[in-house]
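Listed below are the residues making up each chain.
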Amino acid sequence: MEIVSVLPQFLSADFLGQPVAAWLGFVVIIVALLAFDLGFANKGDHEIGISRSLVFSALYIGVALLFGGWVWWQIGPESGMDYLTGFVVEKSLALDNIFVISLIFTAFAVPRAYQHRVLFWGIVGVVVLRAIMIGLGAALISQFGWILYVFGAFLILTGIKMLIAGDDEPDIEKNRIVRLVRKFIPVTRELHGNRFFVRVPHGPSGKLTRMATPLFLALITIEIIDIVFAVDSVPAVFAITTDPFIVYTSNIFAILGLRALYFALAAAVHRFHYLKYALALVLIVVGAKIFWAHLIGPVDSLVSLGLTVGLLAGGVIVSLWRTRDEPVHPLPAEKHDLVA
């Protein structure tokens, strides 16, 4: 009886600007989606087709928009607009992730049947890592308000860098972090099904040794790449709103559907070549918004969302038009042996 009487007080208690009940409801939705994804939608090791990927990508977007509707109704229209803007920005930035993830799977020769397993656990890691980064960002902003201007300047510089950067593909195998992981964790030359670790004979003695597989190396690399991308994307949402609840939920809902989006777009990601310039302009606009709000006045949430959607839509339209005659590239060929 005592627990029952205390429960309403606990659920209504404030946690990072919102009631505990709101956070718990969000966590329940995320856990349910992950359980559905792993236990039903993609049970077993198999290649996920484009049509199936589009269906599940639409499902994730639908759930995210329904949650945004709840935010609008329960917290307020301005928070609802900020959530939607953050979601659109994060979802668009995820296209860059898709390109790099494709390179990672090619570098580590991960067959398409196992890619969904790597991406699932990669997204679970992202949910945790983004919570840590957003928590740190919120703490910094609450203690040092001027840090927002650092975020704004960083976003503007990042956007400018994206505009003038070349199209050179990163060499995953030469990445310092990957080489460091290989140095401290022995990695097998070949895959062992969908396992991340195996015990195999190693060295002259043939003693059984626990070793990581290339699948685990691919997972670690994806997590590291997400941290790199989060350095851009997390400040971008904080520039839209400083409410940790809106920042985190829009981030996670955008990332949650990344796996389905990857299988739908990986073969056609080259068709969105000019979208990166639109993303660069979005980062510049979002960063400039912080200084505009300080020097002139707050920017209406509807204007912010309109600019974001307009720039991104323009990037997609130009990309599809300029690449209309290009064929869809086949997904990377599968290999089955790696040089350690």
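Located above this text is the structure these notes cover.
Let me sum up the structure you'll find in this document. Please read all numbers here as calculations on a predicted model, not as lab measurements.

Points about the overall build of the protein
If you tally the helices and strands in the protein, you get 12 helices and four strands. Per-residue burial over the protein gives 48% buried out of 340 residues. Expressed as a percentage of contacts within the protein between residues at least 6 apart in sequence, the contacts between residues at least 24 apart total 80%.

Considering the packing of helix 8 (residues 214–240) against helix 11 (residues 275–295)
Here helix 8 crosses helix 11 at 45 degrees, and the two axes come no closer than 9 Å. Classified by the angle their axes make, helix 8 and helix 11 are oblique. Two packed elements cross with a definite hand, and for helix 8 against helix 11 that hand is left-handed. Packed against helix 8, whose contacting residues are A236, A239 and I240, the element helix 11 presents L283, V286, K289 and I290 at the interface. Grouping the amino acids of the contact of helix 8 with helix 11 by side-chain chemistry returns six nonpolar, no polar and one charged.

Considerations on unusual backbone geometry
For A109, which is not glycine, the phi dihedral falls at a positive 50 degrees. Here A109 shows up in the loop between helix 4 (77–107) and helix 5 (112–143). A109 sits in the buried class, given a relative accessible area of 4%.

Concerning a positive patch on the surface
A cluster of like positive charges, contributed by R195, R199, K207 and R210, occupies part of the molecular surface. Tracing the backbone shows K207 in strand 4 (residues 207–212).

Some thoughts on the environment of A107
Checked against the element boundaries, A107 lands in helix 4. Residue A107 is classed as partly exposed on the basis of its relative accessible area, which comes to 23%. Along the backbone, A107 and A218 are 111 residues apart, and their C-alpha atoms lie at a distance of 8.5 Å.

A closer look at the packing of aromatic side chains
Counting across every chain of the model gives 18 aromatic pairs. A centroid spacing of 5.6 Å and a plane angle of 70 degrees characterise the contact between F26 and F253, whose relative ring orientation is edge-to-face. One end of the pair, F26, is in helix 2 (residues 20–41); the other, F253, is in helix 9 (residues 244–256), and 227 residues separate them in sequence. Arranged with centres 5.7 Å apart and planes meeting at 70 degrees, the rings of F105 and Y262 form a pair that is edge-to-face. Here F105 is found in helix 4, whereas its partner Y262 is found in helix 10 (residues 258–265), with 157 residues between them in sequence. According to the relative accessible area criterion, F105 is buried, its value standing at 2%.

Regarding the pattern of salt bridges
Within the structure shown, the criterion is met by two salt bridges. The residue R130 makes a salt bridge to E90 at a minimum N-O spacing of 3.6 Å. One end of the pair, R130, is in helix 5; the other, E90, is in helix 4, and 40 residues separate them in sequence. Classification of R130 as buried rests on a relative accessible area of 2%. Here R130 ties to D226 by a salt bridge, and the two come within 2.9 Å at their closest N and O atoms. In this pair, R130 is assigned in helix 5 and D226 in helix 8, connecting sequence segments 96 residues apart. Each of the two residues, R130 as well as D226, counts as buried. Here the salt bridges share partners, and the residues they tie into one network are E90, R130 and D226.

Here we look at the environment of K289
By the element assignment, K289 lies in helix 11. Between the C-alpha atom of K289 and that of A239, which follows or precedes it by 50 residues, the distance is 7.4 Å. In this structure K289 touches A239, I240, V299 and S304, once residues within four positions along its chain are discounted.

About the thresholds
- Residues numbered from 1 in each chain as written.
- Predicted model: local features only at pLDDT ≥ 70, side-chain atom pairs only at ≥ 80, totals over all residues.
- Heavy atoms only, no water.
- Helix = DSSP H or I, 4+ residues; strand = E, 2+ residues; numbered from the N terminus.
- Buried < 20%, exposed > 50% of the residue type's maximum accessible area, 1.4 Å probe, protein only.
- Contact = heavy atoms within 4.5 Å.
- Axes fitted to C-alpha atoms, helices over the stretch in contact; angles between N-to-C directions.
- Parallel < 35°, antiparallel > 145°, perpendicular 65-115°, else oblique.
- Left-handed = near helix turned anticlockwise from the far one by under 90°.
- Nonpolar A, V, L, I, M, F, W, Y, C, P; charged D, E, K, R; others polar.
- Patch = residues over 30% accessible without salt bridge, like charges linked within 9 Å, V, L, I, M, F, W, Y side chains within 5 Å.
- Areas by Shrake-Rupley, 256 points an atom, 1.4 Å probe, with all protein chains shown as cover.
- Salt bridge = Lys/Arg side-chain N within 4 Å of Asp/Glu carboxyl O.
- Lys, Arg positive; Asp, Glu negative; His and termini not counted.
- Charge placed at Lys NZ, Arg CZ, Asp CG, Glu CD.
- Phe/Tyr/Trp six-rings, centres within 6.5 Å; stacked < 30°, edge-to-face > 60°.

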